[in-house]
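Examining the three-dimensional arrangement
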Amino acid sequence: MPINTYMKTAGFLVALTLCGCAATSSSQVSRSQSMGVSGIAPHAARSELEAGNKRFLDGGMEAHAWQQSSVIKTGTYGQSPSVGILSCADSRVPVELIFDQGVGDLFVVRVAGNIETTEGNGTFEYGLKALGMHTIVVLGHTKCGAVEATIKGKPLPSNMASLAAAIQPGLKGVLKAPTDTASFELVTTCCEANVRHQMQKLRTDSALLRDAEKAGELTILGAMYDVDTGHVRFMD
Ligand SMILES: [Zn+2]
């Protein structure tokens, strides 16, 4: 964890202790001390998200009751999310739910096809430099309609065309030709290729993010969410 994040976290916790804002249930204390508002170590980001997804799958979610203490903490002292997520807008991929995270935990950009945009890129730059975010997860999902439409290759109306234009370059290595009858496996392969393409776009379109990754201050991960099972699989 970068020193500035440690310092921010330490000061944040001291302030919480002094004002008594940290008082909450034992499970909330346990989770918030290792996640989100109190900071998560960079090396633990993937394992903490995997653990949250397991709680989601097991029906043992901790983050989705009324989170008064987290609301008070973040409202009073501001946010310090450790993990950014670039996700599709698909309603079957509710990011905080599937990772069992709550108020102040995740810095989320959502757009159809989980595509990298200038605005989303700038959002993550802000998260990195101003909030202490140290990890970005590009989260694709199975049966993504934006990717399926791109595979078909037919012109899309209005601004929707820009979605396919942003996805199509990432499919060149896995899609030989447009098709209306793509198998589940081909669509999934294309969704994964899109994740890798958008991960690379984050790097190529932002010197700030690219340099932070090279310096070891930022980790960019790819993951796939299965809309049929609720399972998240990290890639690589
Ligand atoms: Zn999608």
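Attention here is on the structure that accompanies the text. (Residues numbered from 1 in each chain as written. Predicted model: local features only at pLDDT ≥ 70, side-chain atom pairs only at ≥ 80, totals over all residues.)

**Focus on the overall build of the chain**
The number of helices and strands found in the chain is 10 helices and 5 strands. By the burial criterion, 39% of the 236 residues in the chain qualify as buried. A fraction of 76% describes how many contacts in the chain between residues 6 or more apart in sequence connect residues 24 or more apart. (Helix = DSSP H or I, 4+ residues; strand = E, 2+ residues; numbered from the N terminus. Buried ≥ 20, exposed ≤ 12 C-beta atoms within 10 Å, placed from the backbone. Contact = placed C-beta atoms within 7 Å.)

**Regarding the nonpolar core**
Among the nonpolar cores identified, the biggest contains 44 residues, and Val-83, Ile-136 and Val-137 are the most heavily contacted of them. By residue number, the principal contributor to this core is helix α9 (residues 184-205), which donates 6 residues. Discounting chain neighbours no more than four positions away, the residues touching Ile-136 are Gly-84, Leu-86, Phe-124, Leu-202, Leu-218 and Ile-220. (Core = buried A, V, L, I, M, F, W, Y, C linked by C-beta atoms within 7 Å.)

**Section: helix α6 (residues 118-131)**
Counted at 1.5 Å a residue, the expected span for α6 with its 14 residues is 20 Å, and the 19 Å between its end C-alpha atoms agrees. Residues of α6 that are buried include every one of Gly-120, Phe-124, Gly-127 and Leu-128, and no others. All buried residues of α6 fall inside an arc of 90 degrees around its axis, so they share one side. Turned more than 90 degrees off the buried face of α6, the exposed positions are Thr-118, Glu-119 and Ala-130. Where α6 is buried, its residues touch β1 (83-87), β2 (106-110), β3 (135-141) and α10 (207-214). Note on α6: the residue one or two positions beyond its end, Gly-132, has a positive phi of about 90 degrees. (Expected span 1.5 Å × (residues − 1). Arc of directions from axis to C-beta.)

**Focus on the pairing of strand β4 (residues 219-225)**
Of the pairings in the sheet, the one linking β3 to β4 comprises 7 bridges and is parallel in character. Bridge pairing in β4 places Ile-136 opposite Ile-220. Sheet topology places β4 next to strand β5 (residues 232-234); 3 bridges connect them, and they run antiparallel. Bridge pairing links Tyr-225 to Val-232 in β5. Joining the antiparallel neighbours β4 and β5 is a turn of 6 residues, in which Gly-230 adopts a positive phi near 85 degrees. (Pairing = 2+ DSSP bridges.)

**A closer look at the packing of helix α7 (residues 145-152) against α9**
Contact geometry of α7 with α9 gives a least axis separation of 10 Å together with a crossing angle of 105 degrees. The angle between α7 and α9 places the two elements in the roughly perpendicular class. Where α7 abuts α9, its residues Val-147, Glu-148 and Ile-151 lie against Val-187, Cys-190, Cys-191 and Asn-194. Grouping the amino acids of the contact of α7 with α9 by side-chain chemistry returns 5 nonpolar, 1 polar and 1 charged. (Axes fitted to C-alpha atoms, helices over the stretch in contact; angles between N-to-C directions. Parallel < 35°, antiparallel > 145°, perpendicular 65-115°, else oblique. Nonpolar A, V, L, I, M, F, W, Y, C, P; charged D, E, K, R; others polar.)

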